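Survey of secondary and tertiary structure
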Amino acid sequence: MSTIEIKDKLLSKNDQNALANRNLFDRHGVWCVNLISAPGSGKTSLIESTADHLSGRLNLGVLVGDLETENDANRIAAHGVPVRQIITGGACHLNARTVGDFLVHFDLERLDALIIENVGNLVCPASYYLGEHDRVSLISTPEGDDKPLKYPGAIHTSDVMLITKTDLAPYTDFSIARCRENALKIESELTVMALSVRSGEGLDAWLEWFELHAGKKKKRAESTAAKGK
Amino acid sequence: MHELSIAENLLELVDKYRAEKGFTRCSSIRLRIGLLAAVDEEALRFAVEALTEGGPDAGVSLEVERTFPLARCSCGNSFEVQDLIYLCERCGSTSARLSGGDELDILHLEVD
């Protein structure tokens, strides 16, 4: 019997695939954002609304993951953006290899931003890096303001936390201030925004953040292309 | 159920090392898993057992070293994070950065 020292990350294969995705995004000047949340926090509605508001300003693409059905892809396609549905057939998260396989279906040269809607789950998607530039987690007001404390992995790996469905807050015990405070205990540099897709409250800040990040990426790619690199 | 795909990744790594080092059987795997990796040890053991059944590594044992969230504050203080609250007891700041506790590492293999 002998011992082999390894000291490798268990998900190193996923990380390598994610890096390949990231390089592909960078080469084409595409900004990629990974949306993660529990089922029903409003990821699809947020994408629909974002697509409508940024129509004619940014070219978006959407990759959506679900255990079953193409319902979300059909909803999003109605807003005129290229969309592909990944049916995971039971897997509770997207992995970088599957995302990479689906990227061939997009004209990346034409896209400014790719939104990945992860499988509704706040646990597993947190462990799988997909190559995204930013990760956004959503917590809706009916879920409770202690959710960041219950799912620290998701919050800790996120760049932005969106508190969604603020129009429903008056009907729940949810406190936006308390939720923000809880999230900042987990990740002190987190950007926190609160919005309602339905009432439009807070949507401007989200769209501004989104456009700024997607636009920066586009500009960088254009200047690299101009240098003939 | 992400333990199943974690187990698949783990056994793929074992196979990679088998091809490189030329061993027949892996009898034990030592892992380091941080609390923040949200891995249920029992579910992982179950998945590894199911996936190795009937193969050369059947009966492989998992030794799991658990780690807890550690933070490093800008004041230089390092501390274990209690209840996931990043409050530095030395300077009172809450801007400490996580410096451990999210590991999902394979440390070594015992092989024949």
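As annotated in an unreviewed UniProt entry, chain B is Hydrogenase maturation factor HypA from Candidatus Glassbacteria bacterium RIFCSPLOWO2_12_FULL_58_11. Heading Sequence similarities (unreviewed entry) of the UniProt record for chain B holds this comment: "Belongs to the HypA/HybF family." Under Function (unreviewed entry), UniProt gives the following word-for-word description of chain B: "Involved in the maturation of [NiFe] hydrogenases. Required for nickel insertion into the metal center of the hydrogenase."

Chain A carries the name Hydrogenase accessory protein HypB in an unreviewed UniProt entry, which gives Candidatus Glassbacteria bacterium RIFCSPLOWO2_12_FULL_58_11 as its organism.

**A few points about the UniProt feature "binding site: Zn(2+)" (unreviewed entry) in chain B**
All names here are of chain B. UniProt annotation of "binding site: Zn(2+)" (unreviewed entry) refers to Cys-73, Cys-75, Cys-88 and Cys-91 when read in the numbering used here. Spanning 19 residues, the named residues form one tight spatial group whose C-alpha atoms are at most 8.8 Å apart. Within the secondary structure, Cys-88 sits in the loop between β4 (78–80) and β5 (97–100). Given a relative accessible area of 1%, Cys-88 falls into the buried group. In contact with Cys-88, not counting residues within four places along its chain, are Cys-73, Cys-75, Asn-77, Phe-79 and Ser-93.

**Here we look at helix α1 (residues 12–28) of chain A**
Under the 1.5 Å per step criterion, the end-to-end length of α1 of chain A is 25 Å for 17 residues, consistent within 8% with the ideal 24 Å. Those residues of α1 of chain A not exposed but buried are Ser-12, Asn-14, Ala-18, Asn-21 and Phe-25 of chain A. Viewed end-on, α1 of chain A has its buried residues packed into an arc of 165°, placing them on one side of the element. Of the residues in α1 of chain A, the exposed ones pointing more than 90 degrees away from the buried face are Gln-16 and Arg-27 of chain A. Against the buried residues of α1 of chain A lie β1 (2–9), β2 (31–37), α4 (96–102) and β5 (113–117) of chain A together with α1 (2–21) of chain B. The positive-phi residue at the C-terminal boundary of α1 of chain A is Gly-29 of chain A, with phi of around 65°.

**Side note on the pattern of salt bridges**
All chains considered together, the criterion is met by 18 salt bridges over all chains. In this structure, Arg-75 of chain A engages Glu-48 of chain A in a salt bridge whose closest nitrogen and oxygen atoms are separated by 2.7 Å. Remark: Glu-48 of chain A occurs in helix α2 (residues 43–54) and Arg-75 of chain A occurs in helix α3 (residues 71–77); sequence separation between them is 27 residues. Relative accessible area serves as the criterion here: at 14%, Glu-48 of chain A is assigned to the buried category. One continuous salt-bridge network, built from bridges that share partners, spans Arg-30, Arg-32, Glu-63 and Glu-65 of chain B.

Rules used throughout
Residues numbered from 1 in each chain as written. Chains lettered and ligands numbered in written order. Predicted model: local features only at pLDDT ≥ 70, side-chain atom pairs only at ≥ 80, totals over all residues. Heavy atoms only, no water. UniProt positions renumbered as here; feature names shortened; annotations may be inferred. Helix = DSSP H or I, 4+ residues; strand = E, 2+ residues; numbered from the N terminus. Buried < 20%, exposed > 50% of the residue type's maximum accessible area, 1.4 Å probe, protein only. Contact = heavy atoms within 4.5 Å. Expected span 1.5 Å × (residues − 1). Arc of directions from axis to C-beta. Salt bridge = Lys/Arg side-chain N within 4 Å of Asp/Glu carboxyl O.

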